[in-house]
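Each chain, written out:
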Amino acid sequence: MASGNNETEPLYCGSGMDNFHTSYKNMHGYVSLVVCILGTIANTLNIIVLTRREMRSPTNAILTGLAVADLAVMLEYIPYTIHDYILTDSLPREEKLSYSWACFIKFHSIFAQVLHTISIWLTVTLAVWRYIAVGYPQKNRVWCGMRTTIITITTAYVVCVLVVSPSLYLITAITEYVDQLDMNGKVINSIPMTQYVIDYRNELLSARAAALNATPTSAPLNETVWLNVSSLATTTSAPPTPSPVVRNVTVYRLYHSDLALHNASLQNATFLIYSVVIKLIPCIALTILSVRLILALLEAKRRRKKLTSKPATPAASNGTKSAANGKAADRPRKNSKTLEKEKQTDRTTRMLLAVLLLFLITEFPQGIMGLLNAVLGDVFYLQCYLRLSDLMDILALINSSINFILYCSMSKQFRTTFTLLFRPKFLDKWLPVAQDEMAAARAERSAVAPVLEKGRQQQQVVMASTTTNITQVTNL
């Protein structure tokens, strides 16, 4: 961590940021645990409902892939928040920073980022699919069929793992330290035991001494930090009033790898990939697609209003009425079905727009912060980025868990299927409101069942015929 001569460092975030970070950190563990538990339940329900036979569609397949990624994020974050936030004050230091936990932190830093990247690109895919459905409905079945959707989802999972994992793995390493504790368990000093870290700190001390001897008013060099600010608890000089060392404990921390410490461009490239490729480019694409979807919705509404307000065409020039019983002719039934289908498309598009906009609210700030970190350097990272990391985590978790509410509130088909699956039957007697919807869902399911049953019967007939032919040949 930067030490000494703080006057020479730019001030990007004031004391208010420190106060916010300190006050929120005390409650972050409990808030994130509640969000993760609710999000786990919600995403599990999403997967169960969206994978039903009557819900099978390219859009729902993408939403299922998104729910799987969000569920994995929730399940993995639960042990992290319990250990690092809720139990952090009750665990001994050697247990809190054990080697096994350092391995988990490295896994957490890679796994969470990979899953977030998958969620981002699946959301972009969802926006593209929806824009094609609204803007080019005649080509929707060809371009966005079920087979193409499954291939796209699988590709997103595989490519994100192959692109994100190696870079994060190469720039991090588990390092060993010996922490000297006083009688209150407070860290007095932290001594690195991993050789490349020792060599790197010696290089920093030599460079700092040379800089001070050459230009005494120049700013000291800062030790590079990125992943774990607790790994920089050491200082190069003894405190003014040292406390007696009670015991030494061996701890393990996630730190820069030897490759990353001696290659600043690799670190900057990692931040640029994180901020630009993973965050900003998808967010910009989602913004453009969301605007296009909104314009398409407005155009569809205008076209539908114009169609419904068009006066009926007279049947004949003599003023006679063409309908029976003296009533004016209604519009063709095809128009009514088309209008209803367009309304359903609009409702689905509004729901997906809500998903996209919520996603933008949580992801855009992270991309901007990552870009500023790459441009402004470690001082901005320490002063601002780390102090807002908990807040950005909880926003991302909320975004991953709130989709269930959006589906229930904006999708009639989702509500109907969910009710059919989980609504207790004894409620039908007192709450008959959803009976029409349930009847429609059951009718849709019963319409699908005979087709499947007919296919099974045909298969059995073919198998029986084949068996009879084999028996006849054998008898001959």
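Read on for an overview of the structure. Predicted model, so just to flag it, every value in this text is computed and none were measured. (Residues numbered from 1 in each chain as written. Predicted model: local features only at pLDDT ≥ 70, side-chain atom pairs only at ≥ 80, totals over all residues. Heavy atoms only, no water.)

Things to note about the overall build of the chain
Just so we agree on the cut-off: Secondary structure is summarised from DSSP: a helix means a run of H or I of at least four residues, a strand means a run of E of at least two, and numbering begins at the N terminus for each. Using a 1.4 Å probe on the protein chains alone, a residue whose accessible area is under 20% of its type maximum counts as buried, one over 50% counts as exposed, and one in between counts as partly exposed. When checking whether two residues touch, look at their non-hydrogen atoms; a contact exists if any pair is within 4.5 Å. To measure how exposed things are, a 1.4 Å probe is used in the Shrake-Rupley method; for residues, cover is taken only from the protein chains shown.
Along the backbone of the chain there are 14 helices and three strands. The buried share of the chain, reckoned over its 476 residues, is 40%. Within the chain, residue pairs in contact and separated by at least 24 positions form 79% of the contacts whose partners lie at least 6 positions apart. Here the chain displays about 26700 Å² of accessible surface, and carbon together with sulfur accounts for 63% of that area.

A short note on the packing of aromatic side chains
For clarity, the cut-off: Pairing of aromatic rings covers Phe, Tyr and Trp, the last counted by its six-membered ring, and requires centre-to-centre distances within 6.5 Å; plane angles under 30 degrees mean stacked, over 60 mean edge-to-face, and any other angle means tilted. Think of it as a cone above the ring: NZ of Lys or CZ of Arg counts as a charge over the ring if it is within 6 Å of the ring centre and within 35 degrees of the ring normal.
Counted according to the given criterion, the structure contains twelve aromatic pairs. Aromatic side chains Y99 and Y252 sit 5.3 Å apart centroid to centroid with 80° between the ring planes, which places their arrangement in the edge-to-face category. Placement of Y99 in helix α4 (residues 99-135) and of Y252 in strand β3 (residues 247-256) is noted, with a sequence separation of 153 residues between them. With a relative accessible area of 23%, Y252 lands in the partly exposed category. Both rings, one in F104 and one in F107, keep their centres 6.2 Å apart while their planes meet at 50°; by these two values the pair is tilted. With a gap of three residues between them, F104 and F107 both fall in helix α4, about one helical turn apart. Among the aromatic side chains, those forming a connected cluster through ring pairs are F404, Y407, F414, F418 and F422. The ring centre of Y177 lies 4.7 Å from the NZ or CZ of R253, which sits over that ring.

Some points on the side chain of N60
Its location among the elements puts N60 in helix α2 (residues 58-86). Since its relative accessible area comes to 9%, N60 is described here as buried. Not counting the four nearest positions on each side in its chain, N60 is found in contact with L50 and M55.

Some remarks on empty space enclosed by the protein
Test applied: Throughout, the protein atoms alone are placed on a 1 Å grid, and a set of points is a cavity if a 1.4 Å probe fits but cannot get out or a pocket if it is open with protein on both sides within 12 Å along at least five of seven lines; lining residues have an atom within 4 Å of a point. Grid points are joined across faces, edges and corners, and a volume is the space filled by probe spheres set on the points. Under the scheme applied here, ten amino acids are nonpolar (Ala, Val, Leu, Ile, Met, Phe, Trp, Tyr, Cys and Pro), four are charged (Asp, Glu, Lys and Arg), and all others, including Gly, are polar.
Enumeration over the complete set of coordinates arrives at two cavities of 30 Å³ or more. Approximately 100 Å³ is the volume found for the largest cavity. Lining the largest cavity, in full, are L66, D70, H116, S119, T123, V355, F359, E363, A396, N399, S400 and N403. Counting residues per element, the ones that place at least two in the lining of the largest cavity are α2, α4, α10 (333-376) and α11 (378-401). Residue composition of the lining of the largest cavity, by class: four nonpolar, six polar and two charged.

Describing the nonpolar core
Condition: The criterion is simple. A nonpolar core is a set of buried Ala, Val, Leu, Ile, Met, Phe, Trp, Tyr and Cys residues joined through side-chain atoms within 4.5 Å.
Counting residues in hydrophobic clusters, the biggest one holds 64 residues, and the most contacted among them are L63, Y80, L286, L397, Y407 and F414. Contributions of two or more residues to this core are made by α1 (15-50), α2, α4, α6 (146-170), α9 (264-308), α10, α11 and α12 (403-410). By residue number, the principal contributor to this core is α4, which donates 15 residues. When neighbours within four sequence positions are excluded, L397 is seen to be in contact with S32, V35, C36, V73, M74 and Y77. Of all hydrophobic cores here, the second largest spans 13 residues; its members include F271, Y274, M369 and F380.

Let's talk about α6
Worth spelling out the cut-off: For a helix, the expected span equals 1.5 Å multiplied by the number of residues minus one.
Between its terminal C-alpha atoms α6 stretches 37 Å, which fits the 36 Å expected from 25 residues at 1.5 Å a residue. Among the residues making up α6, those that are buried are T149, I153, A156, C160, V164, S165 and L168.

Concerning the pattern of salt bridges
Pairing of side chains with opposite charge becomes possible as their charged atoms draw close. Heads up, the rule is: Whenever a carboxyl oxygen of Asp or Glu lies within 4 Å of a side-chain nitrogen of Lys or Arg, that contact is scored as a salt bridge.
Within the structure shown, the criterion is met by three salt bridges. Of the charged contacts in the structure, one is a salt bridge between E94 and R247, with a shortest N-O distance of 3.5 Å. Note that E94 is positioned in helix α3 (residues 93-96) and R247 in strand β3, a separation of 153 residues in sequence. Residue E94 is classed as partly exposed on the basis of its relative accessible area, which comes to 33%. The exposure class of R247 is partly exposed, given its relative accessible area of 37%. Linked through salt bridges whose partners overlap, the residues forming this network are R93, D179 and R253.

Things to note about the packing of α2 against α6
How we decide: Axis lines are fitted through C-alpha atoms, for helices just across the contact stretch, and the angle between N-to-C directions can take any value from 0 to 180 degrees. Put simply, angles under 35 degrees are roughly parallel, angles over 145 are roughly antiparallel, angles from 65 to 115 are roughly perpendicular, and the rest are oblique. Left-handed describes a crossing whose near helix is turned anticlockwise from the far helix by less than a right angle; the clockwise case is right-handed.
Two elements in contact, α2 and α6, have axes separated by 9 Å at closest approach and are oriented at 20°. By the angle class used here, α2 and α6 are roughly parallel. Here the hand of the crossing between α2 and α6 comes out right-handed. Here P58, A61, I62, G65, V68 and A69 of α2 come into contact with α6, specifically with M146, T149, I150, I153 and Y157. Tallied by class, the residues present in the contact of α2 with α6 amount to nine nonpolar, two polar and no charged.

Let's talk about a nonpolar patch on the surface
Short version of the rule: Patch membership requires over 30% relative accessible area and the absence of a salt bridge. Like charges are linked within 9 Å, and nonpolar side chains (Val, Leu, Ile, Met, Phe, Trp, Tyr) within 5 Å.
A surface patch of nonpolar side chains, about 410 Å² in accessible area, is lined by Y12, I368, L372, V375 and L376. Mapping I368 onto the fold places it in helix α10.

Description of the pairing of strand β2 (residues 187-192)
Going by this rule: Here, strands pair whenever DSSP counts at least two bridges between them.
Where strand β1 (residues 172-181) lies against β2, five bridges are found, and the strand directions are antiparallel. The residue of β2 that forms the bridge with D179 is S190. Joining the antiparallel neighbours β1 and β2 is a turn of five residues, in which G185 adopts a positive phi near 80°.

Examining the side chain of H108
Quick note on the threshold: Any pair of nitrogen or oxygen atoms within 3.5 Å is treated as a polar contact; in protein, a donor-acceptor pairing is required on top of that, and neighbouring residues in sequence qualify only through side-chain atoms on both sides.
With respect to the helices, strands and loops of the structure, H108 is situated in helix α4. Within the local environment of H108, its side chain forms a polar contact with the side chain of E76, the two groups lying 2.7 Å apart. With near-sequence residues (within four places) excluded, H108 lies in contact with E76, Y77, Y80 and Q113.

Observations concerning the environment of H256
Relative to the helices and strands, H256 is located in strand β3. When the C-alpha atoms of H256 and I174 are compared, they prove to be 8.3 Å apart, with 82 residues separating the residues in sequence.

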